[in-house]
Amino acid sequence: EAAVTQSPRNKVTVTGGNVTLSCRQTNSHNYMYWYRQDTGHGLRLIHYSYGAGNLQIGDVPDGYKATRTTQEDFFLLLELASPSQTSLYFCASSDIIISNERLFFGHGTKLSVL
Amino acid sequence: GDSVTQTEGLVTLTKGLPVMLNCTYQTTYSPFLFWYVQHLNEAPKLLLKSSTDNKRTEHQGFYATLHKSSSSFHLQKSSVQLSDSALYFCALNQSSGSWQLIFGSGTQLTVMP
């Protein structure tokens with residue numbers, strides 16, 4: 001089973017704060033994704049990447065930056081956090097671009113912006 | 001654009017009863033549909049998937065049939081158990097050059113004793 005590890009599991013910050021969420025996958029997957037999960041909205045894609053140094057914009061990118069430093073590591077950055085970014089964040093990975101390929105998710109990071 | 005609709009936000013059932021969770025989609029491409037399940041405090045994980053029209057796919061007692069004529073991929077189980085209580089997401093593959101999954105808003109299934 002593919003392994004995706006997120007850190008931290010919980011984070012509390014204040015409005016205007018700087019937050020970095022980390023994700024590491026150890027299965028040599030090419031694709032990595034950041035989603036946020038909010039009640040009534042399901043999972044919404046923030047950013048994704050298909051390899052080190054690559055970044056693609058998702059559906060809700062405003063207020064977020066991301067960086068893929070290696071094939072294993074994908075970071076989500078909130079440089080001026082706002083209360084609207086309070087959410088549960090999931091990182092996911094998948095293998096090469098195959099239409100029916102499934103995602104492997106991490107356990108999530110619960111972020112609270114006060 | 002492509003979209004996925006799950007009409008029920010919350011479904012509550014008594015153990016042993018059948019369940020159907022609705023999922024409809026909209027796409028201009030050939031669809032791949034998925035059901036993901038997320039138990040409390042756990043990561044979402046794949047439950048089942050399909051791209052074949054009118055063919056039933058099954059896993060762990062759950063089943064779904066992709067009907068392209070009605071753009072539907074409803075999730076069913078004949079007899080729910082307490083352990084089936086979870087959040088269920090329907091998702092659509094957006095095969096338009098860049099690979100993404102589009103998720104529905106999710107259905108929380110709660111099974112009562």
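Procedures and definitions
- Residues numbered from 1 in each chain as written.
- Chains lettered and ligands numbered in written order.
- Predicted model: local features only at pLDDT ≥ 70, side-chain atom pairs only at ≥ 80, totals over all residues.
- Heavy atoms only, no water.
- Pairing = 2+ DSSP bridges.
- Helix = DSSP H or I, 4+ residues; strand = E, 2+ residues; numbered from the N terminus.
- Axes fitted to C-alpha atoms, helices over the stretch in contact; angles between N-to-C directions.
- Phe/Tyr/Trp six-rings, centres within 6.5 Å; stacked < 30°, edge-to-face > 60°.
- Buried < 20%, exposed > 50% of the residue type's maximum accessible area, 1.4 Å probe, protein only.
- Lys NZ or Arg CZ within 6 Å of the ring centre and 35° of its normal.
- Contact = heavy atoms within 4.5 Å.
- Salt bridge = Lys/Arg side-chain N within 4 Å of Asp/Glu carboxyl O.
- Polar contact = N/O pair within 3.5 Å; in protein donor to acceptor, adjacent residues only side chain to side chain.
- Nonpolar A, V, L, I, M, F, W, Y, C, P; charged D, E, K, R; others polar.
- Core = buried A, V, L, I, M, F, W, Y, C linked by side-chain atoms within 4.5 Å.
- Disulfide = S-S within 2.5 Å.

A. Spatial organisation of the sheet that holds strand β1 (residues 4-7) of chain A. Residue and element names in this part refer to chain A. Across the sheet, which stays open at both edges, the 4 strands sit in the order β1-β3-β8-β7 with antiparallel pairing between neighbours. Because the sheet does not close on itself, it has two edges, and the strands there are β1 and β7 (65-68). For this sheet, the mean angle separating the axes of adjacent strands, direction not counted, is 15°. The pairing of strand β3 (residues 19-25) with strand β8 (residues 73-78) spans 6 bridges and is antiparallel. If you follow Arg-24 over to β8, its bridge partner there is Asp-73.

B. Just the packing of aromatic side chains, in detail. In this structure the tally under the stated criterion is 15 aromatic pairs over all chains. Pairing Tyr-33 of chain A with Tyr-48 of chain A gives two aromatic rings, centres 5.8 Å apart and planes at 15°, and the pair type is stacked. Of the two residues, Tyr-33 of chain A sits in strand β4 (residues 31-38) while Tyr-48 of chain A sits in strand β5 (residues 42-49), which places them 15 residues apart along the sequence. Classification of Tyr-33 of chain A by relative accessible area gives buried; the value is 0%. A residue is classified by how much of its surface remains accessible, and Tyr-48 of chain A, at 3% relative accessible area, is buried. Taken together, Tyr-31, Tyr-33, Tyr-35, Tyr-48, Tyr-50, Phe-90 and Phe-105 of chain A together with Phe-34, Tyr-36, Phe-89 and Phe-103 of chain B form an aromatic cluster joined through their ring pairs. If you follow Arg-56 of chain B out to its NZ or CZ, it ends over the ring of Tyr-63 of chain B, 3.6 Å from the centre.

C. A look at the interface of chain A and chain B. Between chain A and chain B, the contact holds 24 residues from the first and 22 residues from the second. At the boundary of chain A with chain B, the tally comes to 0 salt bridges. On inspection of chain A and its partner chain B, the count reaches 2 residue pairs in polar contact (both at pLDDT 80 or more). Every element with two or more residues in the side of chain A that touches chain B is listed here: β4, β5 and β9 (87-94) of chain A. Here the side of chain A that touches chain B gets 4 residues from one element, more than from any other, and that element is β5 of chain A. Here the side of chain A that touches chain B is built from residues that sort into 11 nonpolar, 9 polar and 4 charged.

D. Expanded view of the pattern of salt bridges. Residues and elements named next belong to chain A. Applying the stated criterion to the full structure yields 6 salt bridges over all chains. A salt bridge links Asp-73 to Arg-24, with the nearest nitrogen and oxygen atoms 2.8 Å apart. One end of the pair, Asp-73, is in strand β8; the other, Arg-24, is in strand β3, and 49 residues separate them in sequence. With a relative accessible area of 11%, Asp-73 lands in the buried category. Between Asp-38 and Arg-36 there is a salt bridge; the shortest N-O distance is 2.8 Å. Using a relative accessible area of 9% as the deciding quantity, one classes Arg-36 as buried. Each of the salt bridges in this network shares a partner with another, and the network as a whole consists of Arg-36, Asp-38 and Arg-44.

E. The arrangement of the nonpolar core in detail. One finds Leu-33, Trp-35, Leu-47, Leu-48, Leu-75 and Tyr-88 of chain B to be the most contacted residues of the largest nonpolar core, which totals 25 residues. Elements supplying a minimum of two residues to this core: β2 (10-14), β3 (19-21), β5 (33-38), β6 (45-50), β8 (62-65), β10 (86-95) and β12 (107-112) of chain B. Filtering out sequence-adjacent residues up to four positions away, Tyr-88 of chain B remains in contact with Gln-6, Leu-21, Trp-35, Tyr-36, Val-37, Leu-47, Phe-62, Leu-75, Gly-106, Thr-107 and Leu-109 of chain B. In terms of nonpolar packing, the next biggest core, distinct from the first, is built from 20 residues, Tyr-33 and Ala-92 of chain A together with Tyr-36 and Leu-46 of chain B among them.

F. Highlighting the state of the cysteines. For the coordinates displayed, the defined rule picks out 2 disulfides over all chains. Covalent S-S linkage joins Cys-23 of chain A and Cys-91 of chain A, the inter-sulfur distance amounting to 1.9 Å. Residues Cys-23 of chain A and Cys-91 of chain A are joined through a disulfide that is left-handed, its torsion about the S-S bond being -75°. Here the residue Cys-23 of chain A occupies a position in strand β3, and Cys-91 of chain A occupies one in strand β9, the gap between them amounting to 68 residues. Exposure class is identical for Cys-23 of chain A and Cys-91 of chain A. Each is buried. Disulfide pairing is shown between Cys-23 of chain B and Cys-90 of chain B; the S-S distance is 1.9 Å. Taking the torsion about the S-S bond as the criterion, the Cys-23 of chain B to Cys-90 of chain B disulfide, at about -60°, is left-handed. Of this pair, Cys-23 of chain B sits in the loop between β3 and β4 (24-26) while Cys-90 of chain B is found in strand β10, placing the two residues 67 residues apart along the sequence. For the pair formed by Cys-23 of chain B and Cys-90 of chain B, the shared burial category is buried.

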